[in-house]
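Working through the structure, step by step
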Amino acid sequence: MNKEDIITLEDNVEYMVLDTTEFNHDKYLYCVEIDENEMPKEEYKYLKEINENGELFTEDVEDENIIEALTAMFSLNYLNDTDEEQDV
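Described below are features of the structure shown in this document. Not measured: the values here are computed from a predicted model.

Conventions and cut-offs
Residues numbered from 1 in each chain as written. Predicted model: local features only at pLDDT ≥ 70, side-chain atom pairs only at ≥ 80, totals over all residues. Heavy atoms only, no water. Helix = DSSP H or I, 4+ residues; strand = E, 2+ residues; numbered from the N terminus. Buried < 20%, exposed > 50% of the residue type's maximum accessible area, 1.4 Å probe, protein only. Contact = heavy atoms within 4.5 Å. Pairing = 2+ DSSP bridges. Axes fitted to C-alpha atoms, helices over the stretch in contact; angles between N-to-C directions. Salt bridge = Lys/Arg side-chain N within 4 Å of Asp/Glu carboxyl O.

The next point concerns the overall build of the protein chain. The helix and strand tally for the protein chain stands at one helix and five strands. Along the chain direction, N to C, the helices and strands of the protein chain fall in the order β-β-β-β-β-α. Counting only C-alpha atoms and orienting by the principal axes, one finds that the protein chain spans roughly 40 × 35 × 25 Å. Scored against the burial criterion, the 88 residues of the protein chain give a buried share of 27%. Within the protein chain, contacts between residues at least 6 apart in sequence are counted, and of these 30% link residues at least 24 apart.

So this is what it looks like as structure tokens:
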């Protein structure tokens, strides 16, 4: 899964992937819930990508230590992207 991909979770709620990162050899996604017009809502979540025999699944990240690490990593990614845009 990549940035801007739309994924539908088991509860039939759609999310857009805002960013991805690797942590402890696992891939994580930072996502926002979207409405029927693909506009962002106010629900954000971290998901862990799981690849089983070529099929991709996700699971909610609930471990507070991982959430803290991911928050720092995604914040740094955002700041780096913002700095690159300003340098242009």
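With that out of the way, let us pick up the sheet that holds strand S3 (residues 26–34). Pairing in this open sheet of five strands is antiparallel, and the strands run S1-S2-S3-S4-S5 from one edge to the other. Two strands close off the open sheet at either side, each with one partner strand: strand S1 (6–8) and strand S5 (55–60). For this sheet the average axis-to-axis angle between neighbouring strands, irrespective of direction, equals 45°. Relative to S3, strand S2 (residues 14–23) is paired through eight bridges, and the arrangement is antiparallel. In the strand pairing of S3, tyrosine 15 is matched with glutamate 33.

Per the counting criterion, the structure on display carries five salt bridges. Between aspartate 26 and lysine 48 there is a salt bridge, and its shortest N-O distance comes to 3.5 Å. With a gap of 22 residues between them, aspartate 26 in strand S3 and lysine 48 in strand S4 (residues 40–52) connect regions that are remote in the sequence. Measuring nitrogen to oxygen at the nearest pair gives 3.9 Å for the salt bridge that ties lysine 27 to glutamate 49. Taken together, the positions of lysine 27 in strand S3 and glutamate 49 in strand S4 put the pair 22 residues apart, joining distant regions of the chain. Grouping residues by exposure puts lysine 27 and glutamate 49 together as buried.

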